[in-house]
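Report on the structure
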Amino acid sequence: MPAWDIRSWTTMITSYSQNKQFREALDAFNEMKKSGTGSDQVTMATVLSACAHLGALDLGRGIQIYVMQKLI
């Protein structure tokens, strides 16, 4: 795959989450942010769901702040 866009990243994150690999979903989201690729509502809903499944309240709050800052 030549370049990763928002669809590629969101597909990867969603696939991890659907297969109960929540930590990997969050790791992929962090890589997505590092790459400079933006996110959308689907990405953020999936990431928040992964946080909830992991019981990562502080991380979920951090994601909420990220969403509010980016106005997603």
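Structure first, text after, so check above.
What counts, and where the lines are drawn
Throughout this document, residue positions are counted from 1 along each chain, in the order its sequence is written. With pLDDT at 70 or above as the cut-off, local features in this predicted model cover only qualifying residues; side-chain atom pairs require 80 or more to be listed or tallied, and sums for whole chains, interfaces and linings still use all residues. Computation of side-chain values covers all heavy atoms of the structure but excludes hydrogens and water. Secondary structure follows DSSP: runs of H or I at least 4 residues long count as helices, runs of E at least 2 residues long count as strands, and numbering of each begins at the N terminus. To sort residues, take the accessible area from a 1.4 Å probe on protein chains only and compare it with the maximum for the residue type: under 20% means buried, over 50% means exposed, and anything in between is partly exposed. Contacts: residue pairs with any heavy atoms within 4.5 Å of one another. In this text, buried Ala, Val, Leu, Ile, Met, Phe, Trp, Tyr and Cys residues form a nonpolar core when linked through side-chain atoms within 4.5 Å. Expected helix span is computed as 1.5 Å times (number of residues minus one). For Phe, Tyr and Trp, rings pair up if their centres lie within 6.5 Å, where Trp contributes its six-membered ring, and each pair is then called stacked (planes under 30 degrees apart), edge-to-face (over 60) or tilted (otherwise). Placement of a positive charge over a ring is assigned whenever Lys NZ or Arg CZ falls within 6 Å of the ring centre and within 35 degrees of the normal to the ring plane.

The topology assignment puts S17 in helix α1 (residues 6–18). We classify S17 as buried; its relative accessible area is 12%. Leaving out residues up to four positions away in the same chain, S17 has contacts with F22, A25 and T46.

Bringing the nonpolar core into the picture now. By size, the foremost hydrophobic cluster in this structure holds 15 residues, and its most contacted members are I13, F29, M44, V47 and I63. Secondary-structure elements contributing two or more residues to this core are α1, α2 (22–35), α3 (41–54) and α4 (57–70). Counting residues per element, this core draws most heavily on α2, at six residues. In this view, V47 contacts I13, L26, F29 and I63; residues no more than four positions away in its chain are not counted.

Located in the positive-phi region is K20, a residue other than glycine, with phi close to 60 degrees. When its relative accessible area of 66% is taken as the criterion, K20 is described as exposed.

What follows concerns α1. Compared with an ideal rise of 1.5 Å per residue, which puts 13 residues at 18 Å, α1 spans 18 Å between its outermost C-alpha atoms and is within 8% of the ideal. Two residues or fewer past α1, K20 is found with a positive phi of approximately 60 degrees.

A separate point is the packing of aromatic side chains. How two aromatic rings sit relative to each other is set out by the distance from centre to centre and by the angle between their planes. Counted according to the given criterion, the structure contains two aromatic pairs. Between F29 and Y66 the ring centres are 5.8 Å apart and the planes differ by 85 degrees, which places this aromatic pair in the edge-to-face class. Of this pair, F29 sits in helix α2 while Y66 sits in helix α4, and the two are 37 residues apart along the sequence. One cation-aromatic arrangement involves K33 over Y66; the distance from NZ or CZ to the ring centre is 5.0 Å.

Before going further, it helps to spend a moment on the environment of L48. Turning to its location among the elements, L48 is positioned in helix α3. Sequence spacing of L48 and L26 is 22 residues, and the spatial spacing of their C-alpha atoms is 9.2 Å.

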